[in-house]
Amino acid sequence: MRNTLIIIGIILVFLILYFVQVNFFNWFTISGISPNLFVIYVLFIGLYAGKRLGIPIGIVIGIFLDFFISKKIGILGIMLGLVGEVRKPIR
């Protein structure tokens with residue numbers, strides 16, 4: 001039951017971040033570069049949950065973003081999977 005609630009929470013936060021990223025952060029650019037909230041989110045998951053959850057969540061979020069944002073499938077999946085791979089979780 002607890003794991004199901006955690007996964008539902010991760011999905012809800014992802015949907016909120018997707019809405020914020022697409023609607024608001026495309027306006028804020030520094031030298032033509034906009035911030036990517038998904039890198040911060042996957043890094044946060046990897047730090048606090050460990051690489052056992054960080055890598056798969058990073059890959060799934062990256063593939064989802066590749067389907068809806070990017071033209072090439074797999075690039076963001078690999079990148080966010082590597083971001084989710086951290087050595088030690090913070091406890």
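The rules behind these values
Residues numbered from 1 in each chain as written. Predicted model: local features only at pLDDT ≥ 70, side-chain atom pairs only at ≥ 80, totals over all residues. Heavy atoms only, no water. Helix = DSSP H or I, 4+ residues; strand = E, 2+ residues; numbered from the N terminus. Buried < 20%, exposed > 50% of the residue type's maximum accessible area, 1.4 Å probe, protein only. Lys, Arg positive; Asp, Glu negative; His and termini not counted. Salt bridge = Lys/Arg side-chain N within 4 Å of Asp/Glu carboxyl O. Expected span 1.5 Å × (residues − 1). Arc of directions from axis to C-beta. Contact = heavy atoms within 4.5 Å. Axes fitted to C-alpha atoms, helices over the stretch in contact; angles between N-to-C directions. Left-handed = near helix turned anticlockwise from the far one by under 90°. Parallel < 35°, antiparallel > 145°, perpendicular 65-115°, else oblique. Nonpolar A, V, L, I, M, F, W, Y, C, P; charged D, E, K, R; others polar. Phe/Tyr/Trp six-rings, centres within 6.5 Å; stacked < 30°, edge-to-face > 60°.

## Quick word on the side chain of Asp-66
Along the chain, Asp-66 turns up in helix α3 (residues 51-68). At 11 Å, Lys-72 is the nearest oppositely charged side chain to Asp-66, a buried residue that forms no salt bridge.

## Digging into helix α1 (residues 2-23)
When the terminal C-alpha atoms of α1 are compared, their 32 Å separation across 22 residues agrees well with the 32 Å that a helix rising 1.5 Å per residue should span. Those residues of α1 lying buried are Ile-10, Phe-14, Leu-17 and Gln-21. Along the axis of α1, the buried residues cluster in a sector spanning 70 degrees; they form a single face. Every exposed residue of α1 that faces more than 90 degrees away from the buried side is listed here: Leu-5, Leu-12 and Ile-16. As for α1, its buried residues are in contact with α2 (37-49) and α3.

## Examining the packing of α2 against helix α4 (residues 75-84)
Look at α2 against α4: their axes get within 8 Å of each other, and the N-to-C directions meet at 40 degrees. As for the relative orientation of α2 and α4, their crossing is right-handed in sense. Contacts between α2 and α4 involve Phe-38, Val-39, Val-42, Leu-43 and Gly-46 on the former and, on the latter, Met-79, Leu-80, Val-83 and Gly-84.

## Description of the packing of α1 against α3
The interhelical angle for the contact between α1 and α3, taken along N-to-C directions, is 40 degrees, at an axis separation of 13 Å. As judged from the angle between their axes, α1 and α3 are oblique. When the axes of α1 and α3 are compared, the crossing they make is right-handed. Contacts between α1 and α3 involve Ile-10, Phe-14 and Tyr-18 from the first element and Leu-53, Ile-57, Ile-61, Phe-64, Leu-65 and Phe-68 from the second. Here the residues of the contact of α1 with α3 are counted per class, giving nine nonpolar, no polar and no charged.

## A few points about the packing of aromatic side chains
The final tally for this structure, using the stated rule, is nine aromatic pairs. Between Phe-14 and Phe-64, the aromatic rings sit 5.2 Å apart at their centres with planes inclined by 75 degrees, giving edge-to-face as the arrangement. Taken together, the residues Phe-14 in helix α1 and Phe-64 in helix α3 connect sequence positions 50 residues apart. Look at Tyr-18 and Phe-64: their rings are 5.9 Å apart centre to centre, the planes differ by 70 degrees, and that puts the pair in the edge-to-face class. Within this pair, whereas Tyr-18 is found in helix α1, its partner Phe-64 is found in helix α3, the two being separated by 46 residues in sequence. By way of ring pairs, the aromatic residues Phe-14, Tyr-18, Phe-38, Phe-64 and Phe-68 are connected into one cluster.

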